[in-house]
Amino acid sequence: MLKLKLTLLLGLLTGLSAYAQYPLIETRAYICKQPIDPLMIDGKADEQSWKNAQWTDDFVDIEGHKKPKPHLRTRVKMLWDENYFYFYAELEEPHIWAKLKQRDTVIFYDNDFEIFIDPDGDTHHYYEYEVNAFNTIWDLMLTRAYRDNGQAIDHWNINGIRSAVHIEGSLNNPSDTDKYWSVEVAMPWNALEEAAFKGKKPKARDVWRVNFSRVQWDTKIVNGGYEKMVDPKAKRPVEHNWVWSPQRIIAMHEPEYWGQVVFSAKTVDQPDQYVSDFGSEEVRQLLAHIHRNQQQSKKKTGSYTAAKDQLLEAKTFHVGKPIVWQLQADKYRYHAIMPHPFNAGIVWHIDETGRLWKEFK
């Protein structure tokens, strides 16, 4: 039912996009249900809970439809209970390799799988987790997006995390052909509550912003090992970035485009449904567009601009309703306010820090 409703919604947006002035980016959604049996974190999905859980859509290129469909399949399942946020990812791979073994090194120098979590959806204080086929992890907190002078706190750890990797094939053995590697992760809520709404774990029907990334390097076999292939024009290794929810550009740190995970009170053997608030999705993206233009104004002129036409050319939402918004700006700061196109009781805000937040009237 979730997939049907989302398909109808995305069909509506696609049909309207030809008449709109602003390219709305499709974001994904997922209903995260509760397990029906204990989960052994071993990198496998043998439990009935995982068998019943729905897969996400297959990963796409980070730039969306601008680039070809990934040539290797990647998909994820999610579950939650009172103690943990669970993830199971499966990455199709004919040659599984890894080199990095020290925690908190830059794991995406290897082929890796990554999880990004922004609990309250304001684009500030969010988490990043990376893992390679050795189950070497890099976990960190971002104070805000790098574009907004965010700082990465490398020494922050997801205390109590449980993770495991399973390899269907062999690791670092170029002489055979592998099938896939899988990652199973249990993140404790008490490590994730720091950036959550009111510092609490989610309750049923809460929505967190989440995205997943897979960094994949083209390699060749040299002297019995794997060597990254270099693009002769760019003069750098050939890197692919595949994600669950497309990001518009090659940048994971644009949290306004991350997918929506709704936490369900139902177990995986029960049906549930969720329809995305696509009005809020569009407002969030419009405000983020305004923010990027304000950053350019500040860089060029030394001041934020109060000229609304310079910040947003679009005059109507995708559904045809006029965009009415407010702006206060001076040399040092700005504040933009945009009401929901359908629900007069919801108003969205953004300021010079890039923080997005919702107000209920």
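As the structure is a computational prediction, the values presented were derived from the model and not from experiment.

**Comments concerning the nonpolar core**
A general trend in soluble globular proteins is that nonpolar side chains are found buried together.
Thinking step 1. Of all hydrophobic cores here, the largest spans 52 residues; its most connected members are Phe85, Phe113, Ile117, Tyr129, Met187 and Phe212.
Thinking step 2. Looking at which element gives the most residues to this core, the answer is strand β4 (residues 84-92), with seven residues.
Thinking step 3. Discounting residues that sit within four places of it in the chain, Phe113 has contacts with Phe59, Val76, Ala89, Leu91, Tyr129, Glu130, Val131, Trp181, Val183, Phe212 and Ser213.
Thinking step 4. One finds Val283, Tyr304, Trp325 and Leu327 within the second-largest nonpolar core, a separate group that totals 19 residues.

**Looking at the environment of Arg333**
Thinking step 1. Along the polypeptide, Arg333 turns up in the loop between β18 (326-329) and β19 (334-339).
Thinking step 2. When the C-alpha positions of Arg333 and Tyr304 are compared, they lie 6.6 Å apart, and in sequence the two are 29 residues distant.
Thinking step 3. Setting aside its immediate chain neighbours within four residues, Arg333 contacts Tyr304, Gln328 and Glu352.

**What about the environment of Asp37?**
Thinking step 1. The residue Asp37 is located in the loop between β1 (29-34) and α2 (48-52) in this model.
Thinking step 2. With 10 residues separating them in the primary sequence, Asp37 and Glu47 have C-alpha atoms 7.1 Å apart.
Thinking step 3. The contact partners of Asp37, leaving out residues within four places of it in the chain, are Glu47, Gln48 and Ser49.
Thinking step 4. Separated by 2.4 Å, the side chains of Asp37 and Ser49 make a polar contact.

**Description of the layout of surface pockets**
Thinking step 1. The space that makes up the largest pocket amounts to roughly 850 Å³.
Thinking step 2. When residues of the lining of the largest pocket are traced back to their parent elements, those giving at least two are β11 (207-217), α4 (278-301) and β21 (356-360).
Thinking step 3. With four residues, β21 is the single largest residue contributor to the lining of the largest pocket.

**Structural notes on the side chain of Asp110**
Thinking step 1. Its place among the elements puts Asp110 in the loop between β4 and β5 (112-118).
Thinking step 2. Here Asp110 occupies a buried position and makes no salt bridge, while the nearest side chain of opposite charge, Lys228, is found at 5.9 Å.
Thinking step 3. Looking at Asp110, its side chain comes within polar contact range of the main-chain nitrogen of Lys99, at 2.9 Å.
Thinking step 4. At 2.9 Å, the side chain of Asp110 and the backbone nitrogen of Leu100 are in polar contact.
Thinking step 5. In this structure, Asp110 is in contact with Trp97, Ala98, Lys99, Leu100, Asn132, Val215 and Trp217, ignoring residues within four places of it in sequence.

**Description of the packing of aromatic side chains**
Thinking step 1. A complete count under the given rule lists 23 aromatic pairs for this structure.
Thinking step 2. When the centroid spacing of 6.4 Å and the interplanar angle of 85° are considered together, the rings of Phe85 and Trp208 count as edge-to-face. With Phe85 in strand β4 and Trp208 in strand β11, this pair connects stretches of sequence that are 123 residues apart.
Thinking step 3. A relative accessible area of 0% means that Phe85 is categorised as buried.

**Observations regarding the side chain of Asp112**
Thinking step 1. Summarising the element assignment, Asp112 is placed in strand β5.
Thinking step 2. Of the side chains with opposite charge, Arg214 lies nearest to the buried Asp112, which makes no salt bridge, at 7.5 Å.
Thinking step 3. Residues within four places of Asp112 in sequence aside, it is in contact with Leu91, Ile107, Glu130, Val131, Trp181, Ser213, Arg214 and Val215.

**Observations regarding the pattern of salt bridges**
When the charged atoms of two side chains with opposite charge come close together, those side chains can pair.
Thinking step 1. Counted by the stated rule, this structure contains 20 salt bridges.
Thinking step 2. Salt-bridge contacts for Asp206 lead to Lys203; the nearest nitrogen and oxygen are separated by 3.4 Å.
Thinking step 3. With a shortest N-O distance of 3.9 Å, Arg333 and Asp330 are connected by a salt bridge.
Thinking step 4. Using a relative accessible area of 47% as the deciding quantity, one classes Arg333 as partly exposed.
Thinking step 5. In this structure, a network of salt bridges that share partners links the residues Arg147, Asp148, Arg248, Glu254, Glu256 and Arg292.

**With respect to the sheet that holds β21**
Thinking step 1. Taken in spatial order, the four strands of this open sheet run β18-β19-β20-β21, and their pairing is antiparallel. Two strands bound the open sheet, and with one partner strand each, they are β18 and β21. Ignoring which end each strand starts from, the neighbouring axes of this sheet average 20° apart.
Thinking step 2. Of the pairings in the sheet, the one linking strand β20 (residues 346-351) to β21 comprises five bridges and is antiparallel in character. Counted as the bridge partner of Trp348 is Lys358 from β21.

**Description of the confidence of the model for the protein chain**
Thinking step 1. Summing up the model confidence of the protein chain, the mean pLDDT is 93 and the portion of residues at 70 or higher is 94%.
Thinking step 2. Scored below 50 in pLDDT, residues 1-20 makes 24 contacts in the model with residues more than four places away or belonging to other chains.

**Concerning the pairing of strand β6 (residues 124-131)**
Thinking step 1. Within β6, seven of the eight residues are buried, which leaves the element mostly enclosed by the surrounding structure.
Thinking step 2. With five bridges connecting them, β5 and β6 associate as antiparallel partners. What sits directly across from Phe116, in β6, is Glu128.
Thinking step 3. The antiparallel hairpin formed by β5 and β6 contains five residues in its connecting segment, where Gly121 sits at a positive phi of about 70°.

**Some thoughts on the pairing of β5**
Thinking step 1. Most of β5 is tucked away: seven of the seven residues are buried.
Thinking step 2. As defined by bridge partners, β5 adjoins β11 across seven bridges and the pair is classed as antiparallel. From the neighbouring strand, Asp112 faces β11, where its bridge partner is Val215.

Conventions we followed
- Residues numbered from 1 in each chain as written.
- Predicted model: local features only at pLDDT ≥ 70, side-chain atom pairs only at ≥ 80, totals over all residues.
- Heavy atoms only, no water.
- Core = buried A, V, L, I, M, F, W, Y, C linked by side-chain atoms within 4.5 Å.
- Buried < 20%, exposed > 50% of the residue type's maximum accessible area, 1.4 Å probe, protein only.
- Helix = DSSP H or I, 4+ residues; strand = E, 2+ residues; numbered from the N terminus.
- Contact = heavy atoms within 4.5 Å.
- Polar contact = N/O pair within 3.5 Å; in protein donor to acceptor, adjacent residues only side chain to side chain.
- 1 Å grid on protein atoms, 1.4 Å probe; cavity = no way out; pocket = protein on both sides within 12 Å on 5 of 7 lines; lining within 4 Å.
- Points joined across faces, edges and corners; volume = space filled by probe spheres on them.
- Lys, Arg positive; Asp, Glu negative; His and termini not counted.
- Salt bridge = Lys/Arg side-chain N within 4 Å of Asp/Glu carboxyl O.
- Phe/Tyr/Trp six-rings, centres within 6.5 Å; stacked < 30°, edge-to-face > 60°.
- Pairing = 2+ DSSP bridges.
- Axes fitted to C-alpha atoms, helices over the stretch in contact; angles between N-to-C directions.
- pLDDT = per-residue confidence, 0-100.

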